[in-house]
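Structure at a glance
Each chain is listed here by its residues.
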Amino acid sequence: MEGQTPGDRGLSEKPVPTATRPSLSSLGAVFILLKSALGAGLLSFPWAFHKAGGVAPAFLAELVSLVFLISGLVILGYAASVSGQATYQGVVGGLCGPTIRKLCEACFIVNLLMISVAFLRVIGDQLEKLCDLLLPGAPPAPQPWYTDQRFTLTLLSMLAILPLSAPREIGFQKYTSILGTLAACYLALVIVAQYYLGPQDLAREPHLASSPSSWASVFSVFPTICFGFQCHEAAVSIYCSMRHQSLGHWALVSVLSLLACCLVYSLTGVYGFLTFGTDVSADILMSYPGNDGVIIVARVLFTVSIVTVYPIVLFLGRSVMQDFWRRGCCWACGPQPLAEPSGPWVRMSLTVLWVTVTLAMALFLPDLSEIIGVIGGVSSFFIFIFPGLCLICAISVEPVGPRVKCFLEAWGVVSVLVGTFIFGQSTVAAVMELL
């Protein structure tokens, strides 16, 4: 593809109007895209392998999903070039119309808000376990007030998460994303090493499921995969921040990022499941002894990993709220808004609002582990449905050959149908579990 012109490929590309002086390198884009996908879903992959009925069916589901995951990223880059928009919701609205854009924005806010709350709950749980380890006490004796999760999580949000979320451009996250990626890789290596070199009191020959109990159990792993590999919400913003914005270059970045992510997830899922079998916990770190030094380091580094991915989610949610601000000001005050949405006052106000709301929900709402399937189901919109719709609409306005057009239309329809099935199946399963 690099050696061909857009006309030779049957797909034309247009320059994207990006923010001033896009400076993100290809390596930085790989790390941000990789870190966007290496989140809290890493802890639940061994449990997903158990739900699927074993290593073989879970790995097969992961490989099938990988095809759609990579194609979705490539489609979003192509759609951004065709539409000339620099945000995910802008691309959807520019190609599919205002009605689909409103649906996209609603799903965007709900999904990112729930993901942010889930991240903070994971961080809070890890902080609580670390405080219990550092300050052990008898059960009747109350823990000091400064070890309470409400205090530690609030303090960490003010001192680390809020400053990391303040920058205007997502390109800043390439520095913290490198650190977060290394932390996630360390967790995967620890799980592999514990399987071979773990202590003798660790389960060495657990009961393993020989085959999936039903096809429904295999399909149940897709929401976890969607929850784990959700980097598509950031794809357009990352693409528009790159110095080299070509379809072939973006395809290479997407393939490298998701292959590396798939390796980390597969190692974690396979060896975590082989270590504990059907006894594996939904949080793999909960299955290991709490006083193991290697696990303590892994817990600390994974907390750092989640802290570095939270600002990427906030950046995407803030971009939607900035669009709301821009449209509301134009409706109320005319073409000259009271304040520029990307200016420091509006940007910091929206950032503080997002952190405050998600922190309050994480501290006072009940456990969110039961609705992880709902998060994965909503994520299927951004991985399958919206990219498929964008592809169908993009080729309807772009001059492409008849065979290429027929193939791309068919692939777009398949993506929409697969995404609709995953959303319906995961939502029904999550509601049934809650009931």
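Scroll up a little and you will see the structure.
What comes next is a walk through the structure.

Procedures and definitions
- Here the residue index of a chain counts from 1 through its sequence in written order.
- This being a predicted model, a pLDDT of at least 70 is required before a residue's local features are given, and a value of 80 or more before pairs of side-chain atoms are given or counted; all residues contribute to the totals for chains, interfaces and linings.
- The side-chain numbers reported here are obtained from all heavy atoms of the structure, hydrogens and water having been left aside.
- Only the stretch in contact is used when fitting a helix axis, every axis being a line fitted to C-alpha atoms; angles between N-to-C directions are given from 0 to 180 degrees.
- Only DSSP runs of H or I reaching four residues or more are called helices, and only runs of E reaching two or more are called strands; each is numbered from the N terminus.
- The scheme is simple: roughly parallel for angles under 35 degrees, roughly antiparallel for over 145, roughly perpendicular for 65 to 115, oblique for anything else.
- By convention, the crossing between two helices is left-handed when the near helix turns anticlockwise from the far helix through less than a right angle, and right-handed when the turn is clockwise.
- Residues count as neighbours in contact if any of their non-hydrogen atoms are within 4.5 Å of one another.
- Here the expected length of a helix is defined as 1.5 Å per residue gap, with one fewer gap than residues.
- Only protein chains enter the area calculation, which uses a 1.4 Å probe; residues under 20% of their type maximum are buried, those over 50% are exposed, and those in between are partly exposed.
- Stacked, edge-to-face and tilted are the three classes for Phe, Tyr and Trp ring pairs, Trp counted by its six-membered ring, which pair at centre distances within 6.5 Å; planes under 30 degrees apart are stacked, over 60 edge-to-face, the rest tilted.
- All residues other than Ala, Val, Leu, Ile, Met, Phe, Trp, Tyr, Cys, Pro, Asp, Glu, Lys and Arg, Gly among them, are scored as polar; the first ten of these are nonpolar and the last four charged.
- We call a set of buried Ala, Val, Leu, Ile, Met, Phe, Trp, Tyr and Cys residues a nonpolar core when their side-chain atoms join them within 4.5 Å.
- Between Lys or Arg on one side and Asp or Glu on the other, a salt bridge is scored when a side-chain nitrogen of the former is within 4 Å of a carboxyl oxygen of the latter.

Focus: the packing of helix H6 (residues 98-134) against helix H7 (residues 149-165)
Running from amino to carboxyl end, H6 crosses H7 at an angle of 120°, the nearest separation of the two axes being 9 Å. Relative to H7, the element H6 is oriented oblique. When you trace H6 past H7, the crossing you get is right-handed. Residue-level inspection shows Leu120, Arg121, Ile123, Gly124, Asp125, Leu127, Glu128 and Cys131 of H6 in contact with H7, the latter providing Gln149, Thr152, Leu153, Leu156, Ser157 and Ile161.

Details of helix H14 (residues 344-364)
With 21 residues, H14 extends 30 Å from end C-alpha to end C-alpha; this agrees with the ideal 30 Å at 1.5 Å per step. Listed as buried for H14 are Val346, Arg347, Leu350, Thr351, Trp354, Val355, Thr358, Leu359 and Ala362.

Comments concerning the packing of aromatic side chains
Applying the stated rule across the entire model yields 17 aromatic pairs. Measuring from ring centre to ring centre gives 6.3 Å for phenylalanine 45 and phenylalanine 49, while their planes differ by 45°; the resulting arrangement is tilted. Of this pair, phenylalanine 45 and phenylalanine 49 both sit in helix H3 (residues 41-52), four residues apart, roughly one helical turn. Their ring planes at 65° and their centres at 5.4 Å tell us that tyrosine 195 and tyrosine 271 sit as a pair that is edge-to-face. Of the two residues, tyrosine 195 is situated in helix H8 (residues 173-197) and tyrosine 271 in helix H12 (residues 247-276); the sequence distance between them amounts to 76 residues.

Digging into the packing of helix H4 (residues 55-83) against helix H5 (residues 88-96)
Direction vectors running N to C along H4 and H5 enclose 65°, while the axes themselves pass 9 Å from each other. Handedness of the H4/H5 crossing: left-handed. Taking contact as the criterion, the partners of Leu76, Ala79, Ala80, Val82 and Ser83 in H4 are, on H5, Tyr88, Val91 and Leu95. Of the residues in the contact of H4 with H5, the class split is seven nonpolar, one polar and no charged.

Brief notes about the environment of isoleucine 385
By secondary structure assignment, the location of isoleucine 385 is in helix H15 (residues 372-397). Given a relative accessible area of 7%, isoleucine 385 falls into the buried group. The spatial distance from the C-alpha of isoleucine 385 to the C-alpha of valine 416 is 4.3 Å, given a sequence separation of 31 residues. In this view, isoleucine 385 contacts Ser380, Ser415, Val416, Gly419 and Thr420; residues no more than four positions away in its chain are not counted.

Re the side chain of serine 65
Relative to the elements of secondary structure, serine 65 occurs in helix H4. For serine 65, a relative accessible area of 3% translates into the label buried. For serine 65, the residues in contact, after removing those within four places along its chain, are Phe222 and Ile225.

Structural notes on the nonpolar core
Core analysis: the largest hydrophobic core is formed by 118 residues, its most contacted members being Tyr88, Phe229, Trp250 and Phe382. When residues in this core are grouped by element, the largest group, 14 residues, is from helix H13 (residues 293-333). Here tryptophan 250 is in contact with Leu33, Leu73, Val74, Gly77, Ala235, Ile238, Tyr239 and Met242, once residues within four sequence places are set aside.

Observations regarding the pattern of salt bridges
In this structure the tally under the stated criterion is three salt bridges. For the salt bridge of arginine 101 with glutamate 105, the shortest nitrogen-to-oxygen distance reads 3.0 Å. With a gap of four residues between them, arginine 101 and glutamate 105 both fall in helix H6, about one helical turn apart. Each member of the pair, arginine 101 as well as glutamate 105, is classed as buried. Taken together, the salt bridges that share partners define one network made up of Arg101, Glu105 and Asp323.

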